Amino acid sequence: MKTIFFRKRLLLITCLILTTTLFTGCSFAKKAYIDNKKVQVKQISEDSNQTTDEVMDFNQKLNLKKPNKPISKTPSILFIGNSFIFVNDLPSMFIELSNSGGFSPDVYDLTEGYYRLELFADRNDEMGAKVYDALENYEWDYVILQEQSRVPTVFAETNMYPAARTLDKLIKNAGGQTVFFMTWAYKNGDDLSEFGMDLRTTREEMQTLVANSYFSISEELDSLLSPIGIAFMRCSEKYPEINLWDEEDLMHSSVNGTYLAACTLYGTLYNQSPVGLTYTADLDADTASKLQEIADSVIFEW
């Protein structure tokens, strides 16, 4: 696993939480695009106790864009994101999974705890400057964008979307395809009351809001989308005995969850099923097989 510039491995749970100012005084509405049908989600404000009129059907077929052909056996891939990527070293796990499928990707990452796309898209930010250098001076097949886990639920239109548009333009100029990394909801949902907002979501409600934001911006930019969060929801429903979340913070992924994310990315980038791959990240064969199956189901529509 290579790092072009530097990656901080220090993980502080508090770094995942954006500042109180960022979470104060917002109202918004979301839409999701699934099978070409818009799903309206209720407007949320800091005075509301409810978050959605309905939660998404996580088992419905997804209308996902496929990667451009021909698909390289040795693609250059850049991960941009935060601890949701570097916990359990997802990029290295993805390399091993790729190798077991006959691919030899050249993988790099620019990750920093708590970071959001808005900072990566800022040339004046320390990490943002590294992103600009990577995208302006190197060519890429895929650049994977992972937003901070709460931003899609609260600040998609004002923070996530503008940054995504900026980064997508740079990625396309670098000859690459943008790949959005849909994050998973926290195991027990979220509670923003500590920021003065009366907003509480269940896992299903939080995932609906996250998914809506990723579907919307990926459709707008005609980009690839890896529906990792939806894979989490399907797996937790079908195989509740498989723990996908870190047992301490209930936000980050366990090794099981990271492996599921790697399998989902494999299907997204290579347009090939991960089912039957021999690399299992030291998971038992039955668990790895189930996770491969779930990843296959979200990418290949069954």
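One can find the structure itself at the top, above this paragraph.
Residues numbered from 1 in each chain as written. Predicted model: local features only at pLDDT ≥ 70, side-chain atom pairs only at ≥ 80, totals over all residues. Heavy atoms only, no water.

Draft legend 1. Here's a closer look at the sheet that holds strand β5 (residues 142-145). Reading across the sheet, the five strands line up as β4-β3-β5-β6-β9 and stay open at both edges, with parallel pairing between neighbours. Whereas interior strands pair on both sides, the edge strands pair on one side only; in this sheet they are β4 (106-111) and β9 (224-226). Across the sheet, the axes of successive neighbouring strands diverge by a mean angle of 20°, strand direction being ignored. When β5 meets strand β6 (residues 177-181), the two strands line up parallel, connected through four bridges. From the neighbouring strand, Y142 faces β6, where its bridge partner is Q177. Those strands touched by helix α9 (residues 255-270) are β3 (76-81), β5, β6 and β9, and its axis lies near 160° from that of β9. (Pairing = 2+ DSSP bridges. Helix = DSSP H or I, 4+ residues; strand = E, 2+ residues; numbered from the N terminus. Axes fitted to C-alpha atoms, helices over the stretch in contact; angles between N-to-C directions. Contact = heavy atoms within 4.5 Å.)

Draft legend 2. Summary view of the packing of aromatic side chains. One pass over the full model with this rule turns up 15 aromatic pairs. A centroid spacing of 5.7 Å and a plane angle of 80° characterise the contact between Y108 and W140, whose relative ring orientation is edge-to-face. Here W140 lies in the loop between α4 (126-137) and β5 and Y108 lies in strand β4, a separation of 32 residues in the sequence. Between the aromatic rings of F181 and W184, the centroid separation amounts to 6.1 Å while the plane-to-plane angle is 55°, which identifies the pairing as tilted. Neither F181 nor W184 differs from the other in exposure class; each is buried. Through successive ring pairs, a cluster of aromatic residues spans F79, F94, F103, Y266 and Y270. Stacked on the ring of F103, the Lys or Arg K73 has its end atom at 4.3 Å from the ring centre. (Phe/Tyr/Trp six-rings, centres within 6.5 Å; stacked < 30°, edge-to-face > 60°. Buried < 20%, exposed > 50% of the residue type's maximum accessible area, 1.4 Å probe, protein only. Lys NZ or Arg CZ within 6 Å of the ring centre and 35° of its normal.)

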